[in-house]
Each structure stands twice: as structure tokens, then as C-alpha cells.
Amino acid sequence: MPGDTIEDGHGTDVGERAVRTERERTVEDLVEEFLRGAPEDWTEARLSWTEDDHGLTSTSGFRVPDGSWQLPRGRGGHRFLLAPARALRVPGGPPGGTGELVCAPGGAYRLVVAPGATVRRDPGSGGCLIVLDPDARLPEPGREEEVGTAPPAGDPAEAVALFRAITARRAALLGGPERLPAPAAESAIAEAERRLGVRLPADFRALYALADGDAVDGWHRWLLVEGGWLSLDRLVAVHEQQRGPDWTGWSLAWRAVILDADPPGRVRRCTGDPTRIPFLTGEDGNYVAVDLAPARRGRPGQVIGIGHDHAYGAAHLAESVTALLRRVLGELERGAYEVDDGNVWLDSSLRGAARPPSPGTVEEPPGPRTQEVLHHAEDGGPVDLAALAGAPALRQVGLHGGAAARDLAPLRETPVESLTTAVTGTALAPLAGHPRLRALHLTGADAPVDLAPLRTVPGLCGLDLSAVPLADPAVLAELTGLRYLALDRDQWAALLRAGGPTAGLAAALLVGPNASLDEALALAARLGRPLEAYRAESAGPASARGGEQSATPRSPGTPAPT
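Residues numbered from 1 in each chain as written. Predicted model: local features only at pLDDT ≥ 70, side-chain atom pairs only at ≥ 80, totals over all residues. Heavy atoms only, no water.

Student: Before we go on, may I ask you to explain the environment of R266 in this structure?
Tutor: For R266, the location among the structural elements is in the loop between α7 (250–253) and β11 (276–281). Expressed as a C-alpha distance, the spacing of R266 and R296, which sit 30 residues apart in the sequence, is 6.4 Å. Not counting residues up to four positions away in its chain, the partners in contact with R266 are P294, A295, R297, G298, Q302 and H316. (Helix = DSSP H or I, 4+ residues; strand = E, 2+ residues; numbered from the N terminus. Contact = heavy atoms within 4.5 Å.)

Right, here's the structure in full:
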């Protein structure tokens, strides 16, 4: 009858048993294939992977008698994982998954697979990242900035004259006029504006009324500086890809800083934005765009650099499309070009603008535009930050290699947003009430750290305290603005006993080289994100078909068998 099930005499649906058997075979094949790369005398093997929208990433290694870890022998990438990772997805769960396989030399193994990418390995710490709110993003400072009210700097008549002068000079160099696409009709420009949801600058519109980009037979002529000029249709498509904020994931984003462009105050400190219209492509993930919502000192229609190499912030390139055309013509008039392979290549490059400003040091006062200071310890002694006092543009300070700030007071009157340092004693007291600090990473301490001063830091949204002892972890339960928190297992246990973190926490990192996926799943359940995981274990040789094996989904937070 429809809807009936066929059982095997033990109360198990035959179809369900077939699925289990197939999954068990997949597990056995995975173990066998992984152990092919084992070195001699290994004592433990670990393989972990995460499959998400970006593909599959994995880490693996074998512990050897001296305690070190070795990579698998003769293993090129993780191709062997692709099929089993898909086959071992938790039934009924979200797409993708995170898996962890631990093997012993005698053939015993334990496998845990969690659905989706809620729990995953964190490559930087070796721990496990738990994403509690998959839609959460950290605010970008530029979203709250005042938009400039100055008039546009472009001139459509001058832009047309400059473009014609550029094409005439190129024709003289190439021995004849070059082919370009037909002009974009006024109706096509209006339709592009409708799809973009903006009114384009007058000089920008005038440029497209002369040619709809510079691609001929699928190849860009790179007519304007160093970039292919996009057609209107392609422009709209790229804008759709670039219009949203960049997101690199919690592992990097929690303490990342978006820097100001040079000159300062021209470009808002944010990543992707609907008011930035890309029209030149470097064909490498970077673009040149017109900016319709500049910062307070900027001009609408200014030209900026955005894209792959601008995660630290956009670059200011010119006041307008007209100004950019002046630059191109100037280079041609100065002879700053090379004629090769039927084209004219300008000597200038916009790629330099994609590089972040050089960081300063703690040894000398930062300049008025220095936004980042980095220091790597050589002797491990305390570092004097007195030179940084009052630095007007300082956004990020990183003391690495165990370097500890002697006193954080010099940072009190700076706009620093992200701080990485080791500390001594009650060193956090100078940070009390800091108006700009958003992320704090403590890399070491000589005594339990008093977190009480952080109660009055209004913008604090990210903390990594996993490397320091804490005087009172319960303070963390009072930090209502926290969105990211990294602790070791003992610190998480103490915080949970004290009532747990605030409800707004979006990502939690369980730090520790031996932190297991099972522990992370248990923590996720305690933090309100229970997950149904698939687990399999065997006490016998992995290659023995039909050997002792159990493969069962377990309830959320259930510890793995030992």
C-alpha cells in the first residue's frame, strides 16, 4: 500500500538500512584513502574539512613520535574528499557540512559530521568557530558618515573634447582609427540608470554617448588608463556583484579595519556600496568606479578604486571622470606610453592605489595620516607607546610576537579601533570609556586580567581573550555589544557557569589545538544553536569489511564516544 514501509525483521526500514550501509562504506573508503598517505610510526591522524558556498577546504596531518605533525605523503590537495564530503552530509540538514576524522594506528577511528557551516575549523587558531547568527555582519564606519554636499567636479563638454583628443592621438600612434563599440543610445543609458537605481554623472553619461565601452570582439582596448572599459550591460552586472559589503568571514572580519583613503575625508570608509558604479575592470577582481555618495570632503562623481585588493578601503583616484580623462591625455602628450601588439599602453598604473598605506612604528611619532602601527617583538620586553599619543588618524595598533604595551594610556586620545597586544597587570584601565575601540585581542598577560574597564567601552564588538587568564569572566556577560568572542574551553565553561554571553553574540571561537568538533557542537548547543550531527566510530581495522562499526546520528550536544 502507498505509504507502507518494508522492515528487515528488526524494526528497521530496509531503505533506511541501505542508506546507512552506503554511508558506512563511504566512511570506510574515506578512512582507507586518507591513511594511504600516513608516514611510518605515526601515532595519530586527523582530517577535517568544511564544505560551503565557496567550495571545500580541508586540513590534515599525522602526529609522529617526536610530537610534531606531518602532512600526508604523496597527497595532492583534497580531491579524494569531494565525493565523500557530499555523501556524508547530514540528511535533512542545510547544504554543505563540516567533518572531523580522527584515526589511531590500530585501525580505530571516530568521525563527526555537522550540517552546514555553522561549526567549522578556524585555521588561524586551530580551534573551532561557531557561527550563531549566519546573517550577522559588523557595522562599517562609512555607513554612518555624513555624505558630502559639494557639487560634481565633472564637465560633460570637456569630457567629450578630452575623449576625442585621446582617440585622435591614439589613431596617430597606431596608424589609423581604432575600432570601438557604437555609442550607447540615450534610452540605453536611461535603462541602465533604472537598473542601477541611480542618476549617473553628466560627464559619465557623455562618455557612454561616445562609445559603449572599449571591448571589440570580446577584447578590451584598455583605452582609459589601466583597465577595460565596461559596456553598460556589463557595468550593470558587475555593479550587482559589487554593491554589497565585502565579507571575509568572522575569523578575519572581527578585527579588520577599513582605512581612510588619501586624501582623507574624500571616500566613505565602507566596502561595497550601491552608490559606487564600476566602469573599468582590471580583469583581476579590481575595478575603477564613480562614487555617487562621497565622504564630507569628496565630490559626487569622483573616481575611486574598489574590489578584491581594497578590503582595507577604497582608493581615491580622481575628482571626476573628466579629471581621469585629463590624466590619460596628459600621459599621451608626455610620451608616457608604449606601442605594442597593435595597442597603446600607458606607463601609469592604478594598481599602486590598491596597496594599503605603509604602517608606522612605535619608535617614532606617526604622521598626521598614519592609520596603522605594527610592532614585532624581538626581545619580548615592554613596548612604550608614548610616541602614539594624540595620533589623529590612528585606527589600528598591532603588537605581535608577545610584545606587551607598558601603558595603554597614550591610546586614550586616539581614534584606534582595533588593538592587538599583550598586557601587564591592570593595563586595561586606560581603555575605559574609549569612544572608538571596536576590537581587542590580548595575546598574553603576566597576571589575571581585570575586564571591568571594558564595561564602559561603548563600541566594543569583538574580543579574543583565549591567551590570557581572566580575573572575572562573568564581566563578559555584561558586554551587551559583543558580536564575536574567542575563549579557551576553561574560559567558556566559567562564562557559562556565570550565565553565559549576551544574546547578541553572533560568532564564538573555541580556541585550543585539541579542541574537537564534538566540543564545539556541545558549546553550540549551550549557546542556542543545537545541531544534529552524524557520527561513526570503529574499534577495529578500518579496512576490515564488516568489522565492528557504529554509525548513528546523535542528539545535539551529545559527547562523542570514547
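Student: Is there a simple way to think about the packing of aromatic side chains in this case?
Tutor: Aromatic rings in a pair are described by how distant their centres are and how their planes are angled relative to each other. This structure, assessed with the given rule, holds ten aromatic pairs. Here the aromatic rings of Y208 and W229 are separated by 5.4 Å at their centres, their planes lie at 70°, and the arrangement is edge-to-face. In this pair, Y208 sits in helix α5 (residues 202–208) while W229 sits in strand β10 (residues 228–229), placing the two residues 21 residues apart along the sequence. Judged by relative accessible area, which is 0%, W229 ranks as buried. Arranged with centres 4.8 Å apart and planes meeting at 15°, the rings of W254 and Y484 form a pair that is stacked. On the criterion of sequence distance, the pair formed by W254 in the loop between α7 and β11 and Y484 in strand β24 (residues 484–488) is long-range, its members being 230 residues apart. Residues W254 and Y484 agree in their burial class; the two are buried. The rings of F163, F204, Y208, W229 and F279 are connected pair by pair, giving a single aromatic cluster. (Phe/Tyr/Trp six-rings, centres within 6.5 Å; stacked < 30°, edge-to-face > 60°. Buried < 20%, exposed > 50% of the residue type's maximum accessible area, 1.4 Å probe, protein only.)

Student: I tried to follow helix α2 (residues 79–87) on my own but got confused; where do I start?
Tutor: Owing to its 3.6 residues per turn, the α-helix brings residues three or four apart onto one side. Where α2 is concerned, the buried positions are F80, L81, P84 and A85. The buried residues of α2 occupy one face: seen down the axis, they fall within an arc of 115°. Every exposed residue of α2 that faces more than 90 degrees away from the buried side is listed here: R79 and A83. (Arc of directions from axis to C-beta.)

Student: In this structure, what is going on with the packing of helix α3 (residues 156–174) against helix α8 (residues 321–334)? I would like to understand it.
Tutor: Packed helix pairs are specified by the crossing angle of their axes together with the interaxial distance, meaning the distance between the axes. Two elements in contact, α3 and α8, have axes whose closest approach is 9 Å; the angle formed by their N-to-C orientations is 25°. Judged by the angle between their axes, α3 and α8 are roughly parallel. Note that α3 runs across α8; the crossing there is left-handed. On α8, the residues that touch E158, A159, L162, A165, I166, R169, R170 and L173 of α3 are T322, L325, R326, V328, L329, L332 and E333. Each residue belonging to the contact of α3 with α8 can be placed in one class, and the counts come to nine nonpolar, one polar and five charged. (Axes fitted to C-alpha atoms, helices over the stretch in contact; angles between N-to-C directions. Parallel < 35°, antiparallel > 145°, perpendicular 65-115°, else oblique. Left-handed = near helix turned anticlockwise from the far one by under 90°. Nonpolar A, V, L, I, M, F, W, Y, C, P; charged D, E, K, R; others polar.)

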